[in-house]
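Residues per chain are reported as follows:
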Amino acid sequence: MRILITGITGRVGANVAKRFVGLGHDVTGFVVPGDPQSEKVAQIGAHIVEGDLASHSDVRTAADGAEAIFHLGAAFQAGGPFTPEQYFDINVKGTFNILEAALASDGIQHVIHTSTDGTMEKYPPEGIEEPIREDSLPLAATSWYGYTKVLTEHLVDRYVRAESLPATVFRFANAWGAGEALDFGQFHMRTFMDQLQGSTVPECREAYELMSKAYDGDPHLIIAADRNGRPWKKHFVEVRDIIHAYENALGNPSTFGKTYQLASREPFHWENMIPYLAEKLNAPHTKVNLPITPTYYEYDLSASKRDFGYDPPLSLRDMIDEAIAYRQSSEGAIIPTKV
């Protein structure tokens, strides 16, 4: 199948491309002119087309003849800074151009658009007890990244209903590449010490002083808990889970017109996983009740399992073990840096 991948030089796009080239597909990557990672992606066998997502003609040229489009290209926080205009041009206009180009491409069989769980408000003061379905929460983002992704989801829905375009939306949870599990800030006490240092709120000062007494240098991990002592919970997704989703969903009519949350096999429970991570890193860990908005949620993956057999291959312990091994070797994802 002829597949166009936008955002192909990112850590997700590059690894998705590598997998689909390996499966025998004809993969083309759409990149911004002068992207320094283009050569690395070309080395795995992907064709490279340069252009601007905000340019209708550039996108139309790149999509000509494509049978499938994986639209991963976007402006987002880690790649910026971006202005509101750039967020709108790259994310919203870029997605509009992709959808228009898909309509004009003879033989288009599937468009898979990348969105984010950053479209939803998933940090209420008390956390979220029930697993989150795709329709559980309103799309209430106000950040420019999240808000423009809300608009792109609406665009895809419009093209499915009005133009019968075979399209699907994937919402990624917080994504990990090789080795990145070890660096996630909320696993480390120093993150919260920096956040609470200098606060005049008594609860915050008390938590900071507790951490200061326990802290004995990095790495020092934390079992983050809410005010009442309930440890945090969060859902991630690993790059190979994402690849698995693309493999299973591509060309599957059951997914057309639907949105799916992609996440790992299980959520990360600070209470269970931080001691395991601490053991692997030979690092101390301390439980602290934090007087801040907690992270407490997980996703209901039943829709993706039902419609395209989504079965994330890695456990959290697998991810941690492999992250340790990755750090101890020079091998890993072809582009392990953040995009």
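Residues numbered from 1 in each chain as written. Predicted model: local features only at pLDDT ≥ 70, side-chain atom pairs only at ≥ 80, totals over all residues. Heavy atoms only, no water.

Draft legend 1. Structural detail: the environment of Glu298. Considering the arrangement of structural elements, one finds Glu298 in the loop between strand S13 (285-289) and helix H10 (302-308). Those residues within four positions of Glu298 in sequence are excluded, and the remaining contacts are Glu130, Pro131, Ile132, Lys233, His235 and Pro267. In this structure the side chain of Glu298 is engaged in a polar contact, spanning 2.8 Å, whose partner is the side chain of Lys233. (Helix = DSSP H or I, 4+ residues; strand = E, 2+ residues; numbered from the N terminus. Contact = heavy atoms within 4.5 Å. Polar contact = N/O pair within 3.5 Å; in protein donor to acceptor, adjacent residues only side chain to side chain.)

Draft legend 2. Layout of the packing of helix H3 (residues 56-63) against helix H4 (residues 84-104). Two elements in contact, H3 and H4, have axes separated by 9 Å at closest approach and are oriented at 45°. Here H3 is positioned oblique relative to H4, judged by the angle of their axes. For the pair H3 and H4, the crossing hand works out as right-handed. Across the interface between the two elements, His56, Val59, Arg60 and Ala63 from H3 touch Asn97, Ile98, Glu100, Ala101 and Ala104 from H4. In terms of residue class, the contact of H3 with H4 is built from 5 nonpolar, 2 polar and 2 charged. (Axes fitted to C-alpha atoms, helices over the stretch in contact; angles between N-to-C directions. Parallel < 35°, antiparallel > 145°, perpendicular 65-115°, else oblique. Left-handed = near helix turned anticlockwise from the far one by under 90°. Nonpolar A, V, L, I, M, F, W, Y, C, P; charged D, E, K, R; others polar.)

Draft legend 3. Examining the pairing of strand S2 (residues 26-31) more closely. Most of S2 is tucked away: 5 of the 6 residues are buried. As defined by bridge partners, strand S1 (residues 2-6) adjoins S2 across 5 bridges and the pair is classed as parallel. Residue pairing across strands places Arg2 opposite Asp26, the latter belonging to S2. Taking the sense of rotation as the criterion, the β-α-β connection linking S1, helix H1 (residues 11-22) and S2 turns out right-handed. Note that S2 and strand S3 (residues 47-50) share 4 bridges and pair parallel. Its bridge partner being in S3, Gly29 is matched across the sheet by Ile48. (Buried < 20%, exposed > 50% of the residue type's maximum accessible area, 1.4 Å probe, protein only. Pairing = 2+ DSSP bridges. Right-handed = clockwise from strand over helix to strand, strands pointing away.)

Draft legend 4. Quick peek at the confidence of the model for the protein chain. Taken residue by residue, the protein chain gives an average pLDDT of 94. The fraction at 70 or more is 97%. Within the model, pLDDT remains below 50 along residues 331-339, and this stretch shows 26 contacts once partners closer than five positions in the same chain are excluded. (pLDDT = per-residue confidence, 0-100.)

Draft legend 5. Looking closely at the side chain of Lys233. Looking at the secondary structure, you find Lys233 in strand S9 (residues 233-234). Residues in contact with Lys233, not counting those within four places in the same chain, are Glu129, Pro267, Phe268, His269, Trp270, Thr295, Tyr296, Tyr297 and Glu298.

Draft legend 6. Just unusual backbone geometry, in detail. Of note, the amide linkage connecting Asp218 to Pro219 takes the cis form, showing an omega dihedral of -5°. Of note, Pro219 is situated in the loop between helix H7 (202-214) and strand S8 (221-225). Even without being a glycine, Ser164 presents a positive backbone phi close to 55°. Its location among the elements puts Ser164 in the loop between helix H5 (144-163) and strand S6 (167-172). Phi at Asn282 takes a positive value of approximately 55°, unusual for a residue other than glycine.

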